[in-house]
Amino acid sequence: MNKFLISIIIFTSFSLKLFANPSVQARTGILIDYHSEEILYELDPDTQIYPASMTKIMTSIVAFDLLKKNKLSLDDTFVVSKNAWQKGGSRTFLKLNSEVTIRDLLMGLIVQSGNDAAIVLAEGIAASEEDFAIQMNQYASSLEMKKSFSIVLGSISNSFSSHSTLHSIAVD
């Protein structure tokens, strides 16, 4: 019995050492205890990152907020512009000049991570990507996401992208 107990103690202390300094294959990372908010692990948490999906999540949050306020309906439609239609990256393959319901755009945005769906929503809600970027920044600020979310207009592609840090996203 004593040999068994000693084996468990040795195994447990060895296992704890393995997890104390994990080997992570990433540029940046952070692990925070949900209950205590103690930072358990961090790897360059203040390095600036460009979380593209954060922009899509904010796009859907703004759309759902407008649905909740009855300023939009799931059955409303927006027209697919040439700008949205020709965007690269992940797409929902919307047809140029077609009318697409908010329901289908949200499905394309959330399920397929479609850049084209995000742009059609942005243009339909705020007339342009630029105006929508301003609206998202204001919305993020109202949610007290002052450090974790910011949209900037790209000078090369004239589209928007977000930038933040993992520490800001986790703490905000």
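Since the model is a prediction, treat every value here as computed from it, not as a measurement.

Caption draft 1: Structural context of the pairing of strand 1 (residues 29–32). Sheet analysis places strand 1 next to strand 2 (residues 39–43), joined by four bridges and oriented antiparallel. Paired with Leu 31 across the strands is Tyr 41, a residue of strand 2. Hairpin remark: strand 1 followed by strand 2, antiparallel, with six residues in the connecting loop; positive phi at Glu 37, about 60 degrees.

Caption draft 2: Summary view of the environment of Asp 104. Note that Asp 104 resides in helix 4 (residues 102–110). Expressed as a C-alpha distance, the spacing of Asp 104 and Ala 117, which sit 13 residues apart in the sequence, is 8.6 Å.

Caption draft 3: Region of interest: unusual backbone geometry. Its identity is not glycine, yet Asn 70 carries a phi of approximately 60 degrees, on the positive side. Asn 70 sits in the exposed class, given a relative accessible area of 69%. Positive phi, close to 55 degrees, is recorded for Ser 113, a residue that is not glycine. Secondary-structure assignment places Ser 113 in the loop between helix 4 and helix 5 (115–126).

Caption draft 4: Looking closely at the packing of helix 5 against helix 6 (residues 129–142). Relative orientation of the contacting elements helix 5 and helix 6 amounts to 85 degrees, with a least axis distance of 8 Å. As the angle between them shows, helix 5 and helix 6 are arranged roughly perpendicular. Residues Ile 119, Ala 122, Glu 123, Ile 125 and Ala 126 of helix 5 form the contact with helix 6, whose participating residues are Glu 129, Asp 131, Phe 132 and Gln 135. Partitioning the contact of helix 5 with helix 6 into residue classes produces five nonpolar, one polar and three charged.

Caption draft 5: Up close: the confidence of the model for the protein chain. Taken over all residues, the pLDDT of the protein chain has a mean of 80, while the share at 70 or more is 74%. Overall, residues 13–18 carries pLDDT values under 50, and its contacts beyond four positions in sequence, including any with other chains, amount to zero contacts.

What counts, and where the lines are drawn
Residues numbered from 1 in each chain as written. Predicted model: local features only at pLDDT ≥ 70, side-chain atom pairs only at ≥ 80, totals over all residues. Heavy atoms only, no water. Pairing = 2+ DSSP bridges. Helix = DSSP H or I, 4+ residues; strand = E, 2+ residues; numbered from the N terminus. Buried < 20%, exposed > 50% of the residue type's maximum accessible area, 1.4 Å probe, protein only. Axes fitted to C-alpha atoms, helices over the stretch in contact; angles between N-to-C directions. Parallel < 35°, antiparallel > 145°, perpendicular 65-115°, else oblique. Contact = heavy atoms within 4.5 Å. Nonpolar A, V, L, I, M, F, W, Y, C, P; charged D, E, K, R; others polar. pLDDT = per-residue confidence, 0-100.

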